[in-house]
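Residues per chain are reported as follows:
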Amino acid sequence: MRTICIGAGPAGLYFAILSRLRDPRGEVTVFERNPRGVTYGWGVVFWDDLLDNLRRGDGASARRIQAGARQWYDQQACVGARAPAHMGGYGFSIGRSLLLSILTARAEELGVDLRFGHPVGDLAQLAGADLVVGADGAHSRVRELGAPHFAPTVEVGRNHYIWLGTHKVFDVFTFAFERTAPGWIWFHGYRFNDDTSTCIVECSPQTFQGLGLDTLCPDEGVALLQDIFARHLDGHRLINQRAGLAKTPWLNFTRISNRRWFHDEVVLLGDAAHTTDFSIGSGTRLAIEDAVGLDQALRSHPHHLPAALLRAAFCLRVTAAARSRW
């Protein structure tokens, strides 16, 4: 079986790994538009159920991911200067760059042909593949090219948010809310290595414009956020990975869904098929669960691809819908 994955994110890489384990004689190629090692983002969170899935799928990558992850205990909500409210629980986090490097190395160990700096402009380039996996993210080119068949729906949210980092280590998963003159602004922060935490700042359009965040340059915007959240940062600064841009990269969450997740031999996985709000911390988990679900469907129907894709689409849609309601 000749399999081509578009996108070297968690979904594409993990499905490539599972494909080689399922069919060692099969040919698996991954095309990634970015150069090797180039990725944006800070840390991602996950829980025991993802580790369980990883162990069942490929023990080697599971052990490496667990070794590279950091565990955090408890969750707290901080509102201004009030005493934090504790909610209990625990989870794991790992740097996105480290996660991808682990999956990349494992895929190459198993004989996956990884081609970085290789954008796919036309599905005709992939002629001859038995299976094409579109795992190229929320801005999926595969989904765009197959839009008449997938029938995607794209809904852009109102709130503005930005991914930042800080060397303030949040050993407790922290939600912090501050009232400003134009309105509330908040972040959630969690560590993902020994000295760095993810810090995702979010606010309403009214607060965003009232604070002037729509017009401030990157350095000014980050400095303002540092002042607002000073009580939570303990003197540490906020770090903008894209500080060289003309404007600070604030985003609006985009909810993506598709009426159909496959057409002929092309199937969508991860954010290309569905997005889930970053506030519930399930994007990476869903991407890997998609890869596991598709692999299981192919194991169940090894000689009938349409039946495998139909089963995978049904199971994955149910799982994604359940996660998105959390």
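In the block above lies the structure referred to throughout.
Residues numbered from 1 in each chain as written. Predicted model: local features only at pLDDT ≥ 70, side-chain atom pairs only at ≥ 80, totals over all residues. Heavy atoms only, no water.

Notes on the sheet that holds strand β7 (residues 90-95)
Read from one edge of the open sheet, three strands run β3-β7-β4, paired in antiparallel fashion. On the outer flanks of this sheet lie β3 (43-46) and β4 (70-73), each paired with one strand and no other. Averaged over neighbouring strand pairs, the angle between their axes works out to 35° when direction is ignored. One ladder, built from four bridges, connects β4 with β7; its direction is antiparallel. Paired with Q71 across the two strands is F92, which belongs to β7. In this fold helix α4 (residues 96-109) packs onto β3 and β7, with an angle of close to 75° to the strand it touches most, β7. (Pairing = 2+ DSSP bridges. Helix = DSSP H or I, 4+ residues; strand = E, 2+ residues; numbered from the N terminus. Axes fitted to C-alpha atoms, helices over the stretch in contact; angles between N-to-C directions. Contact = heavy atoms within 4.5 Å.)

Some points on the pattern of salt bridges
Summed over all chains, the structure comprises 17 salt bridges. Here E27 and R2 are joined by a salt bridge, their closest N and O atoms 3.4 Å apart. Placement of the pair is E27 in strand β2 (residues 27-32) and R2 in strand β1 (residues 2-6), with a sequence separation of 25 residues. Look at E27 and you get partly exposed, because its relative accessible area is 43%. (Salt bridge = Lys/Arg side-chain N within 4 Å of Asp/Glu carboxyl O. Buried < 20%, exposed > 50% of the residue type's maximum accessible area, 1.4 Å probe, protein only.)

Notes on the environment of E144
Take E144: it is sitting in helix α5 (residues 141-145). A relative accessible area of 51% means that E144 is categorised as exposed. With 62 residues separating them along the chain, E144 and R82 place their C-alpha atoms 47 Å apart. Separated by 3.0 Å, the side chains of E144 and R141 make a polar contact. (Polar contact = N/O pair within 3.5 Å; in protein donor to acceptor, adjacent residues only side chain to side chain.)

A word on the side chain of S61
Structurally, S61 can be placed in helix α3 (residues 59-68). Sequence-distant contacts of S61, defined by excluding residues within four places in its chain, comprise Y14, I102, L103 and R106.

Some remarks on helix α8 (residues 218-228)
Along an α-helix, residues three or four apart share an orientation, since each turn contains 3.6 residues. Turning to α8, its buried residues are P218, G221, V222, L225 and I228. Here the buried residues of α8 occupy an arc of 115° about the axis, which is enough to place them on one side. Across α8 from its buried face, at more than 90 degrees, point the exposed residues D219 and D227. Each element contacted by the buried residues of α8 is listed here: β10 (152-166), β11 (173-179), β12 (184-191), β13 (197-203), α9 (230-233) and β14 (238-239). (Arc of directions from axis to C-beta.)

Remarks on the nonpolar core
Membership of the largest hydrophobic core comes to 44 residues, with the highest contact counts inside it found for Y14, F15, V133 and L294. Counting 20 residues, the second-largest nonpolar core is a separate cluster that includes C78, I162, L164 and A176. (Core = buried A, V, L, I, M, F, W, Y, C linked by side-chain atoms within 4.5 Å.)

Brief notes about helix α10 (residues 283-300)
Taking 1.5 Å per residue, 18 residues should reach 26 Å; α10 reaches 26 Å between its end C-alpha atoms and fits that length. The element α10 is largely enclosed, with a buried count of 14 among its 18 residues. (Expected span 1.5 Å × (residues − 1).)

Structural notes on the side chain of E32
Mapped onto the elements, E32 comes out in strand β2. Of the buried charged residues, E32 lacks a salt bridge, with R33 as the closest side chain of opposite charge at 5.0 Å. Within the structure, the side chain of E32 is placed 2.7 Å from the backbone nitrogen of A8, a separation counted as a polar contact. At a separation of 3.0 Å, a polar atom in the side chain of E32 contacts the main-chain amide nitrogen of N34. Ignoring sequence-local partners within four residues, the contact set of E32 consists of G7, A8, R115, F116, G117, H118 and P119. (Lys, Arg positive; Asp, Glu negative; His and termini not counted.)

Side note on the packing of helix α1 (residues 10-22) against α10
Two numbers describe how α1 lies on α10: the axes approach to 8 Å, and their chain directions differ by 30°. Comparing their axes, α10 and α1 come out roughly parallel. The hand of the α1/α10 crossing is right-handed. Between α1, through P10, A11, Y14, F15, L18, S19, L21 and R22, and α10, the contact on the second element is made entirely by T284, A287, I288, A291, V292, L294, D295, L298 and R299. Class assignment of the residues belonging to the contact of α1 with α10 gives a composition of 12 nonpolar, two polar and three charged. (Parallel < 35°, antiparallel > 145°, perpendicular 65-115°, else oblique. Left-handed = near helix turned anticlockwise from the far one by under 90°. Nonpolar A, V, L, I, M, F, W, Y, C, P; charged D, E, K, R; others polar.)

Some points on the packing of aromatic side chains
Scanning all chains against the criterion turns up 15 aromatic pairs. The interplanar angle of 85° and the centroid separation of 6.2 Å between the aromatic rings of Y90 and F92 together place this pair among those described as edge-to-face. Judged by relative accessible area, which is 35%, Y90 ranks as partly exposed. Judged by relative accessible area, which is 8%, F92 ranks as buried. Following the ring pairs from residue to residue traces out a cluster consisting of W47, W72, F173, F175 and Y190. Seen from the ring of F170, K168 lies directly overhead, with NZ or CZ sitting 5.6 Å from the centre. (Phe/Tyr/Trp six-rings, centres within 6.5 Å; stacked < 30°, edge-to-face > 60°. Lys NZ or Arg CZ within 6 Å of the ring centre and 35° of its normal.)

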